Every structure is written in structure tokens, then in C-alpha cells.
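Commentary on secondary and tertiary structure
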Amino acid sequence: MQQDFVRPREATHQPCGQNEEGKSSLSKVLKWSGLLAIQIGATIGAGIFVLIGLAIVGDHNKQTGAGPSTVLSVLLAGVLCIPIAICYGHLASRIPKAGGAYSYTRKAFGEFPGWMIGWTAYMPIGMAVIALGCVKYGLYGLKQLYPDKDLAIGAIPPNQIAVVIVVICTIIAALPVKDVKLISAGLALVRLAVILLFLALAFPNFDEHNWSPTGTNFYIGVLPTAAFLMYAFAGFEMPANMAEESENPKDDMLKTILVGLAICTISYFVLVAALTRAVPTLNIARYATISSALATMGYGVKVQTVLNILIFGILVSVLISFLLQQSRILWAMSSEDFIPVVSKIHARSNTPYVATLVTGAIVAFVTYHTDPGDEALRHNADVFTLAILVTY
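Residues numbered from 1 in each chain as written. Predicted model: local features only at pLDDT ≥ 70, side-chain atom pairs only at ≥ 80, totals over all residues. Heavy atoms only, no water.

Let's shift gears to helix 16 (residues 301-334). Taking 1.5 Å of rise per residue, 34 residues should cover 50 Å, and helix 16 covers 49 Å from first to last C-alpha, within 8% of that figure. Extensive coverage of helix 16 is indicated by the burial of 25 of its 34 residues. (Helix = DSSP H or I, 4+ residues; strand = E, 2+ residues; numbered from the N terminus. Expected span 1.5 Å × (residues − 1). Buried < 20%, exposed > 50% of the residue type's maximum accessible area, 1.4 Å probe, protein only.)

Right, let's talk about the side chain of serine 321 for a bit. Within the secondary structure, serine 321 sits in helix 16. The exposure class of serine 321 is buried, given its relative accessible area of 2%. Contact partners of serine 321, with chain neighbours within four places excluded, come to Ile38, Gly41, Ala42 and Met238. (Contact = heavy atoms within 4.5 Å.)

Take methionine 123: it is sitting in the loop between helix 7 (111-121) and helix 8 (124-145). Between the C-alpha atom of methionine 123 and that of valine 363, which follows or precedes it by 240 residues, the distance is 8.8 Å. If we skip the residues at most four places from it in the chain, methionine 123 touches Gln326, Val383, Phe384 and Ala387.

Grouped burial of nonpolar side chains is what soluble globular proteins tend to show. Within the largest apolar cluster, 104 residues are counted, with the highest numbers of intra-cluster contacts made by Phe49, Leu51, Phe198, Ile290 and Leu319. Formed by 14 residues, the second largest nonpolar core is a distinct cluster that contains Ala121, Leu330, Ala332 and Ala355. (Core = buried A, V, L, I, M, F, W, Y, C linked by side-chain atoms within 4.5 Å.)

The next thing to look at is a nonpolar patch on the surface. Judged by side-chain polarity, Val79, Ile82, Ile86 and Leu258 come together as a nonpolar surface patch covering roughly 290 Å² of accessible area. Ranked by residues supplied to the nonpolar patch, first place goes to helix 5 (residues 70-94) with three residues. Structurally, isoleucine 86 is set in helix 5. Accessibility expressed as a relative area gives 34% for isoleucine 86, which makes it partly exposed. (Patch = residues over 30% accessible without salt bridge, like charges linked within 9 Å, V, L, I, M, F, W, Y side chains within 5 Å. Areas by Shrake-Rupley, 256 points an atom, 1.4 Å probe, with all protein chains shown as cover. Salt bridge = Lys/Arg side-chain N within 4 Å of Asp/Glu carboxyl O.)

Now for the packing of helix 16 against helix 17 (residues 353-368). Direction vectors running N to C along helix 16 and helix 17 enclose 115°, while the axes themselves pass 8 Å from each other. It follows that helix 16 is roughly perpendicular to helix 17 by the angle criterion. Helix-helix and strand crossings are classified by hand; for helix 16 and helix 17 the assignment is right-handed. Contacts between helix 16 and helix 17 involve Leu323, Gln326, Ser327, Arg328, Leu330 and Trp331 from the first element and Ala355, Thr356, Val358, Thr359, Gly360 and Val363 from the second. Partitioned by chemical class, the residues of the contact of helix 16 with helix 17 number six nonpolar, five polar and one charged. (Axes fitted to C-alpha atoms, helices over the stretch in contact; angles between N-to-C directions. Parallel < 35°, antiparallel > 145°, perpendicular 65-115°, else oblique. Left-handed = near helix turned anticlockwise from the far one by under 90°. Nonpolar A, V, L, I, M, F, W, Y, C, P; charged D, E, K, R; others polar.)

Here's what the structure looks like:
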């Protein structure tokens, strides 16, 4: 029965995006370490650096934050992702095709269910949230660092700045995968270094009174916050979407996905624990949370500036990783004779450059027309999280 489940449906024509021998023309250049770097690059970013303040404090409307109990929400969200990660790992090792959940659903249940999952997973609004979150973090950080100066960039609508960032990230995402892999590997180390640096800076300010008592109801605070923080785990399935470019998907998929999920969960726990232990909940800012926390702990402008620059770069790189993922989903759907021109592969880089450029254009359009307000940002993040849970 298991073999029937994973057996591809017989094709009556040569799919687009393949060579004459029926093999994928995508370059198989990713070892498990490269997949892990791209996975961490797609996961650790906007969810933890931009939205963690909302998770802890809550928003201005009716959503209650979890306070110090956010550490429990992080662990709960990570544990809930484990069975999903195992499913993705086994499926990706058996069906090493680009597109992830779309490819698996199509082979198992047919074209229509596959398309439903594919278009659900293809969510430009999620990348718009990342781009706008990146801009908002940068602007909030600048206002905190230079409160007495009237910065010219503050007069530019956030949407326009976000569109420029999307365009730059799209160009980078269209580069050969081996080059993007090197960029992702370096930025993955930067992510972990930022979290460890923040832990070192926060440690002298730890106060046990900040955790006692938590005063947070599990069903009202911890559980909803865990659901909200699923957004922070979006991207841990990235290796499955890049399986067609893996050198050894049979052995690497499950290992990479589980190791990456463990690294992300531990990193989130360390960051949230250090933040809530060092800063009282009432003093935690909803946005530019890390920068605000450093100011509360008494660190000067130079320290805040260094971390802000690093975090801003991290957020930009998350957008690059998601563009890689989303372009592979679009390419996989296009390879089934849906808009064949989108399934074209670059002759030299062997990357789906048309799908990448089309995805970037769609994301730029959606970003430009997305409300950058705080409540709208959280609402769109919730919509993206719901779509992720549906595909999972």
C-alpha cells in the first residue's frame, strides 16, 4: 500500500522543466549542510525578531500575550511541528520533487487536490508581511536610536521601501543555487551569533521576579500564542521544497529537517527566555523588541546599532529564502503545462529564473497594496499561519 501511495502517476507527455531524458534540469548541488543553512535562513527571522513582542505583550486589540509563559508557547509550537517534520522528511526522501506539499498531494490524490494545496502554500501575503516587518523593524529601531532627529527615510511610505527590498531579494534569489547556498550559510551563522550575543548581554540583567508569577492562563494566553508562533516556524519544511536540487535526498531529507527544527526551537527558547528573564513584561515593546530591550537594560546606541543592523540583514535574508521556496512551488505547478513559459530553466545557472521573477513581481505588488499598520500586520500573519497549517 505504501508503494502505491508514492508511485507517480504515468504521464502522457514530457513535462515542462525537464530535459530530453525526463530528468529534472535543476542543478543537484545541495548537500545536507547547504539544505540546513537554507532551512535556518527561512525559519529564524521575522517570526521571532519582528512579532515576538506581540506574542509576549499582545496587541492593542483583544489578543492577550503570554508574557513570560511565551517560553512554553515556543516549546509547544516546536513539539507540534515534530510529526509534521517527520512526514515531510519521509515524503521528500521518497518523492524528491520541487514543490513540497503540492507534489506529494498531486501524486497521491490527483491534479485538483494538488492544485488546491499548491495555491494554498503559494502565499505572497506571507512574504509581504516579512518585507513590511523588515521595514517596520528598521524604522522603529531608527526612531529609538535617534529620537530627536527628523529622519528623511521616515517620510517614505513603508510599502515603497518594502517593494525595493523585495526587488533586491528577487534578484539575489535568481542567482545560481550554489551561490545562494553560500550566502545562506553565512547568514545562518549570523542568526545564531545574534541570539548568543543577546543572551550574553541579557544575562547580567536576569531577574527571577520577572518570571514569578507568570499570571498567564494556559488556554487564553499560552495556547493562542503557540498558534500565533507557528508563523515563526514557517520555513522548517524548506528542504522538502528544494529536494529536487539535493544531491542525496533519500538520506538527507529527514535528517536535515529534524536537525533544523531542533536548532530553531532551541534558538527561539533561548531568545525568549533571555528576553523575558531580563526585561519585565510591561517594558517589552511590541516592535523593535530586541533594540528596545537593550535600551531598557542600559546598553548604549552603539550596541543597539550593531544588533539592529545584523537583525535587519537577517530579516532581508529570510525573504530571499522564502522567494526560493515559493518560486519552486510555482515552478513545480508550471511544469505540469500550466503557463509553460514560467517553467523555463536558465541555461547556465539551472535555476527556475522565470518563476522566481514572476514570484518577486507578485510579492512586490501585494506588498505595495498591503496595509502596514500593526493590527493589519498581525492579521495578515494569522492568515499566513492558517494557510501554513492547512498545507501541513
